[in-house]
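What follows is each chain in one-letter form.
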Amino acid sequence: MIRVLSICWIQSLIISSLCAQEAEIAQIFTEENISLYGEASTKYLEWIAQAADPNAGDSEDLKKHLRWIALITPEQLQVNKSSRLLIAGQGSFEDANRIVSWWRQQDPLPATFDNERIEEHLYRVYYAERNYAYNKDSLGVDDRGRIFVRFGKPWRETVISLLNPRLQILPIEYRLPRNELWVYRGIHDDAHFLFVQTSRRRPYRVTTSESLIPSNLRGTRRRVEVLLAWMEDIFGQMAMQHDHYGTVYDAVSNYTALPTSAPLRPYEFSQRTIMDSRMRDDQHQKRREETIPTSTTRVYGNAIELKPQVRFSRFLQEDGSTRLETYWNLDVRDLRPSRSMLRRTRQLGQKASDDYILSIGFAHRDSEFEPRNIQIRRYHLPEGSDTEPRVYSWVTSDLSSPSSMALQWTLHWTVPDSIPPQPSTIWGIGVMNLDGIDILRSDDDSLELSDLKPLLLESANTFDGATPLVDREIYSGIPLGLYFESYFLRFNETDRTNYTIEYSLSGENKEPITTSFEYEGYTATIREYISIDIDQWDTPGPFVLTLTVTDLITGISVSRSIDLDYVK
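Residues numbered from 1 in each chain as written. Predicted model: local features only at pLDDT ≥ 70, side-chain atom pairs only at ≥ 80, totals over all residues. Heavy atoms only, no water.

Enquirer: Would you mind showing me how to read the overall build of the chain here?
Expert: When its secondary structure is counted, the chain shows 14 helices and 22 strands. Rg of the C-alpha trace for the chain: 32 Å, well past the compact-globule value of 24 Å for 568 residues, more than 25% over. Projected onto the principal axes, the alpha-carbon positions of the chain cover approximately 105 × 85 × 55 Å. The burial tally for the chain puts 48% of its 568 residues in the buried class. Put simply, of all contacts in the chain between residues at least 6 apart along the chain, 66% involve residues at least 24 apart. As displayed, the chain has an accessible area near 29,100 Å², and 48% of this comes from carbon and sulfur atoms. Where the 63 positive side-chain charges of the chain centre and where its 81 negative ones centre are 12 Å apart. (Helix = DSSP H or I, 4+ residues; strand = E, 2+ residues; numbered from the N terminus. Rg over C-alpha atoms; globule rule 2.2 N^0.38 Å. Buried < 20%, exposed > 50% of the residue type's maximum accessible area, 1.4 Å probe, protein only. Contact = heavy atoms within 4.5 Å. Areas by Shrake-Rupley, 256 points an atom, 1.4 Å probe, with all protein chains shown as cover. Lys, Arg positive; Asp, Glu negative; His and termini not counted. Charge placed at Lys NZ, Arg CZ, Asp CG, Glu CD.)

Enquirer: Got a minute to help me understand the sheet that holds strand β8 (residues 356-365) in this structure?
Expert: Consider a sheet: its strands pair through backbone hydrogen bonds, and that pairing is either parallel or antiparallel. The strand order β5-β12-β11-β8-β9 describes an open sheet built from five strands, whose pairing is mixed. Of all strands in the sheet, those with a lone pairing partner are β5 (304-305) and β9 (371-381), marking the two edges. Of the strands in this sheet, β11 (403-414) and β12 (423-437) are in contact with helix α14 (residues 339-347), which crosses β12 at around 135°. (Pairing = 2+ DSSP bridges. Axes fitted to C-alpha atoms, helices over the stretch in contact; angles between N-to-C directions.)

Enquirer: Explain the pattern of salt bridges here, please?
Expert: A full pass over the atoms with the stated rule returns 31 salt bridges. Of the charged contacts in the structure, one is a salt bridge between Arg124 and Glu120, with a shortest N-O distance of 3.2 Å. Taken together, the residues span about one helical turn, with Arg124 and Glu120 both in helix α7 (residues 116-131) at a distance of four residues. Summarising the burial analysis for this pair, Arg124 and Glu120 share the class buried. Ionic pairing is found between Arg560 and Glu448, a salt bridge with its closest N-O pair at 3.5 Å. Note that Arg560 is positioned in strand β22 (residues 556-567) and Glu448 in strand β13 (residues 448-449), a separation of 112 residues in sequence. (Salt bridge = Lys/Arg side-chain N within 4 Å of Asp/Glu carboxyl O.)

Enquirer: Can you help me understand the packing of helix α11 (residues 224-241) against helix α13 (residues 266-291) in this one?
Expert: A pair of packed helices can be characterised by two numbers: the angle between their axes and the separation between those axes. Packing of α11 against α13 brings their axes to within 9 Å, and their N-to-C directions diverge by 35°. The way α11 lies across α13 gives a crossing that is left-handed. In this structure, α11 uses Val224, Leu227, Leu228, Met231 and Phe235 to contact α13, whose residues at the interface are Pro266, Tyr267, Phe269, Ser270, Gln271, Thr273, Ile274 and Ser277. When its residues are assigned to classes, the contact of α11 with α13 shows nine nonpolar, four polar and no charged. (Left-handed = near helix turned anticlockwise from the far one by under 90°. Nonpolar A, V, L, I, M, F, W, Y, C, P; charged D, E, K, R; others polar.)

Enquirer: Got a minute to help me understand the pairing of strand β20 (residues 526-532) in this structure?
Expert: Burial along β20 is one-sided: Ile526, Glu528, Ile530 and Ile532 are buried, while Arg527, Tyr529 and Ser531, pointing the other way, are not. With seven bridges connecting them, strand β17 (residues 480-487) and β20 associate as antiparallel partners. Paired with Gly481 across the strands is Ser531, a residue of β20.

Enquirer: Would you take a moment to explain empty space enclosed by the protein for this structure?
Expert: A probe matching the size of a water molecule, rolled over the atoms, marks out where space remains unfilled. Counted by the stated rule, this structure contains three cavities of 30 Å³ or more. In this structure, the largest cavity spans a volume of roughly 70 Å³. Along its surface, the largest cavity is lined by His192, Leu194, Val206, Thr207, Thr208, Ser209, His244, Tyr245, Asp281, His284, Gln285 and Arg288. Among the elements of the structure, β3 (192-197), β4 (205-207) and α13 are those that each provide at least two residues to the lining of the largest cavity. Tallied by class, the residues present in the lining of the largest cavity amount to three nonpolar, seven polar and two charged. Of the pockets and cavities examined, the second largest cavity occupies roughly 40 Å³. (1 Å grid on protein atoms, 1.4 Å probe; cavity = no way out; pocket = protein on both sides within 12 Å on 5 of 7 lines; lining within 4 Å. Points joined across faces, edges and corners; volume = space filled by probe spheres on them.)

Purely geometric stuff here, so don't read any function into it on its own.
See the structure below:
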């Protein structure tokens, strides 16, 4: 009996601790204490990691957070399935860890130690619970709360009301229900939602425009003139918010502008128009399910998306570790900040400068995708829009196990007259994740080959001044070179190596073009530059460049390939 009481007491302490933890997280985001968002997000992940614990899993607050995760993830994803298993009490610690790992992979700014996507999600959750509460729902919110957590604050939010004075004096039985129309212009044209509350005891639900027409007004010939005025009023306001409603509004307004006469058959027109509106709304709802994402983030705000060209190559070092060389460039000459970004800059009293600062962050991630080492470099681009693009490099040494990394580019305006130039407003962000980077084999049991490093040459006769080629396109008449290394060649009885280097150009519906050379050497490792006669490939479009090293002593071959586009 004492043992049973002790277990119950311990369980109650655990549950009490979990409740206190949730209350602390809720308070931070409810009070919008931004300085503590990172700490609260860390506690949230630690809490989610306990979801498979029978004691922690019994916490209704924890289950509710798992329901939120299920809401914002597609059903076919494993993280969604893991969430549902844990909600049902059937999940494992592997399921809980999978959710934690998934959250870390959602980090939109990997060159920071905070996970801004979790912070955004938790802010949305607690905002929805405060502003769109409905306690009979499993998530504690109405449909507005669900959409808010999925997509955040709408671009435009409108309440449809009766503006026609004739309609405002109608008897109370003709009532326009409470409603809100949300439009998310930045997500997709189909991302607009009409919420209607049919009574004060019921929640706001996503519905169609027909719900704004009283049922006792839709099917009566006696008040058809009122019905048409009603439709013209509400659809006119909705068409101002989204052109989806413009067709119905145009039809009604054009009809009511005609002289009234019996052949116009107003009742039949009203029913046909309502039917047309119903069909259009049904098609929209079906299309919306297919076109809009399950959830989106606004962490980047109004910043434009940067899309640098990136290439990386792995090489083996003498100590057996792998060296990763990353090359990238970004042409800022054609980049233009969005109108909303310029407007926001003016509102803050800031100035758009003529030069930029480009920051690049490189983050190492552990097996759980948590950042362990973040390095940042900054480059000043004077007269930024006129700056010629250049190739940048980042070398990471001593990789001894498969690794995950992330790169983050941030483009700033500079603070006016700052010396040295200091970063100001961010107006461009780009991110690339390099997950599951394998290391090269360091044992000498078999031949190994580095990745291929394509080079743009100043002349086909020299490799001096060569720069890495980071994009896919290679133009006719521009000399192309390759640098590569091969390891663990065998020696013959005269202590020499004997091997061939062969490269081939291949593509769809065309015979490969192959060139081969045979060599002898004195070292087990070769470091080679070779020129590629790219103009042999006279067909514009994609092709594959494959390089093969064959050890003629052992007969072992190893190959690497890169994809390129030939442009004439």
